[in-house]
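# Structural features, examined
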Amino acid sequence: MIHLKRLFFVLLLFHFNCLFSQQLENVSQEIITTKDSISFYLNKLRPISSSVSFSNCKLMRVSYVYLDGSKLNMQEISALRKKIIADYNNGVSFATLANTNTMDNAKDGDLGWFYEGQMEKSFQDEILKHKKGEIFTVDIPANNWFYVVLKTFDDIVKAKITYILK
């Protein structure tokens with residue numbers, strides 16, 4: 001009886017693994033790397049992938065202050081933005097302004113590195129228009145999201161390799 005239970009359990013695991021591996025087969029995965037590493041990854045991925053392609057993508061980095069439009073009206077948002085920008089231009093660090101004013105839990109307002117397609121499109125599009133060191137505002141009124149943003153680094157062009165395992 002114990003052997004039958006073990007056999008049943010082993011068959012169940014085998015069936016689960018087969019189903020899981022079939023689902024993984026069609027899941028595309030990505031690697032973000034430098035352009036000079038493309039050939040290394042292509043050589044490693046071609047034998048184990050049913051599809052490999054690459055394209056360019058930009059990495060961006062900003063810090064932000066989030067203002068919640070469901071809790072503040074547009075007059076309050078506008079006044080707070082003006083104050084934040086004026087304080088920044090008068091030498092107050094953006095991290096201090098973010099920690100004092102943001103309406104989410106982001107420490108120092110640093111969003112970290114992200115690449116094209118990871119963020120809300122209108123947010124990303126505004127970031128791409130600006131250069132390192134520029135402070136600007138971004139509105140996403142459909143979600144009640146309003147931001148003061150500081151572009152902290154120049155954009156970096158990377159290679160994005162997309163592949164599907166066999």
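Residues numbered from 1 in each chain as written. Predicted model: local features only at pLDDT ≥ 70, side-chain atom pairs only at ≥ 80, totals over all residues. Heavy atoms only, no water.

### What about a nonpolar patch on the surface?
Definition in use: Nonpolar side chains (Val, Leu, Ile, Met, Phe, Trp, Tyr) within 5 Å and like charges within 9 Å form the patches, drawn only from residues with over 30% relative accessible area and no salt bridge. Surface accessibility follows the Shrake-Rupley procedure with a 1.4 Å probe radius. Residue values consider only the protein chains on display as shielding. Definition used for salt bridges: Asp or Glu carboxyl oxygen within 4 Å of a side-chain nitrogen of Lys or Arg. A run of H or I in DSSP becomes a helix once it reaches four residues, and a run of E becomes a strand once it reaches two; helices and strands are each numbered from the N terminus.
Together, W113, F153 and I156 make up an exposed nonpolar region whose accessible area comes to about 250 Å². Residue position: I156 is located in strand β6 (residues 156–165).

### Quick notes on the side chain of R81
Heads up, the condition is: The classification of residues rests on relative accessible area computed with a 1.4 Å probe and restricted to protein chains. Under 20% of the type maximum is buried, over 50% is exposed, and intermediate values are partly exposed. For the purposes of these results, a polar contact is taken to be a pair of N or O atoms within 3.5 Å, where, inside protein, one atom must be able to donate a hydrogen and its partner to accept one; residues adjacent in sequence count only when each atom of the pair is a side-chain atom. Whether two residues are in contact is decided by their heavy atoms, any of which lying within 4.5 Å being enough.
Residue position: R81 is located in helix α3 (residues 74–89). What makes R81 buried here is its relative accessible area of 9%. Here the side chain of R81 touches Y147 through a polar contact of 3.2 Å, landing on its backbone oxygen. Beyond its immediate sequence surroundings of up to four residues, R81 is in contact with L67, T137, V138, D139, F146, Y147 and V148.

### Topic: the confidence of the model for the chain
The cut-off we apply is this: What pLDDT reports is the predictor's confidence in each residue, on a scale of 0 through 100.
Confidence in the prediction for the chain averages 85 pLDDT; 84% of positions are at 70 or higher. This stretch, residues 1–16, has a pLDDT under 50; its non-local contacts, to residues over four places away or in other chains, come to zero contacts. For the stretch residues 18–22, pLDDT sits under 50, and the model shows zero contacts to residues farther than four places along the chain or on other chains.

### A short note on unusual backbone geometry
Not every positive phi belongs to a glycine, and D108 is a case in point at roughly 65 degrees. Relative to the elements of secondary structure, D108 occurs in the loop between α4 (94–101) and β3 (110–115). The backbone of N144 sits at a positive phi, close to 60 degrees, despite the residue not being glycine. Note that N144 resides in the loop between β4 (135–140) and β5 (145–151).

### Describing the environment of A95
Locating A95 in the fold gives a position in helix α4. Sequence separation between A95 and V65 is 30 residues; the distance between their C-alpha atoms is 9.1 Å.

### A closer look at the pattern of salt bridges
One pass over the full model with this rule turns up nine salt bridges. Of the charged contacts in the structure, one is a salt bridge between D108 and K107, with a shortest N-O distance of 3.7 Å. Linking K129 and E126 is a salt bridge whose minimum nitrogen-to-oxygen distance equals 2.9 Å. Overall, E126 belongs to the partly exposed group, its relative accessible area being 23%.

### Quick word on the packing of α3 against α4
What counts here: Angles run from 0 to 180 degrees between N-to-C directions of axes, and those axes are lines fitted to C-alpha atoms, restricted for helices to the stretch in contact. When describing relative orientation, an angle under 35 degrees is termed roughly parallel and one over 145 degrees roughly antiparallel, while 65 to 115 degrees is termed roughly perpendicular and anything else oblique. For any helix crossing, the convention is left-handed if the near helix is rotated counterclockwise from the far helix by under a right angle, and right-handed if that rotation is clockwise. For this classification, Asp, Glu, Lys and Arg are treated as charged, while Ala, Val, Leu, Ile, Met, Phe, Trp, Tyr, Cys and Pro are nonpolar and the rest, including Gly, are polar.
Remark: α3 packs on α4, axes separated minimally by 9 Å, with the N-to-C direction vectors making an angle of 155 degrees. By the angle between their directions, the pair α3 and α4 is classed as roughly antiparallel. Where α3 crosses over α4, the two elements pack in a sense that is right-handed. Here α3 contributes L80, I84, D87 and Y88 to the contact with α4, which in turn contributes F94, L97 and N101. Looking at the contact of α3 with α4 residue by residue, the classes come out as five nonpolar, one polar and one charged.

### Focus: the packing of aromatic side chains
Let me state the cut-off plainly: Only rings of Phe, Tyr and Trp enter the pairing, Trp through its six-membered ring, and a pair is recorded when the two centres are within 6.5 Å. The plane angle decides the type: under 30 degrees is stacked, over 60 is edge-to-face, the rest tilted.
For the coordinates displayed, the defined rule picks out six aromatic pairs. With 5.8 Å between their ring centres and 75 degrees between their planes, Y64 and Y147 make a pair best called edge-to-face. One end of the pair, Y64, is in strand β2 (residues 49–68); the other, Y147, is in strand β5, and 83 residues separate them in sequence. Centroid distance Y66 to Y147: 5.6 Å. Interplanar angle 50 degrees. Geometry classified as tilted. Within this pair, whereas Y66 is found in strand β2, its partner Y147 is found in strand β5, the two being separated by 81 residues in sequence. Both residues of the pair, Y66 and Y147, belong to the buried class. An aromatic cluster of three or more residues is present, and its members are Y64, Y66, F123 and Y147.

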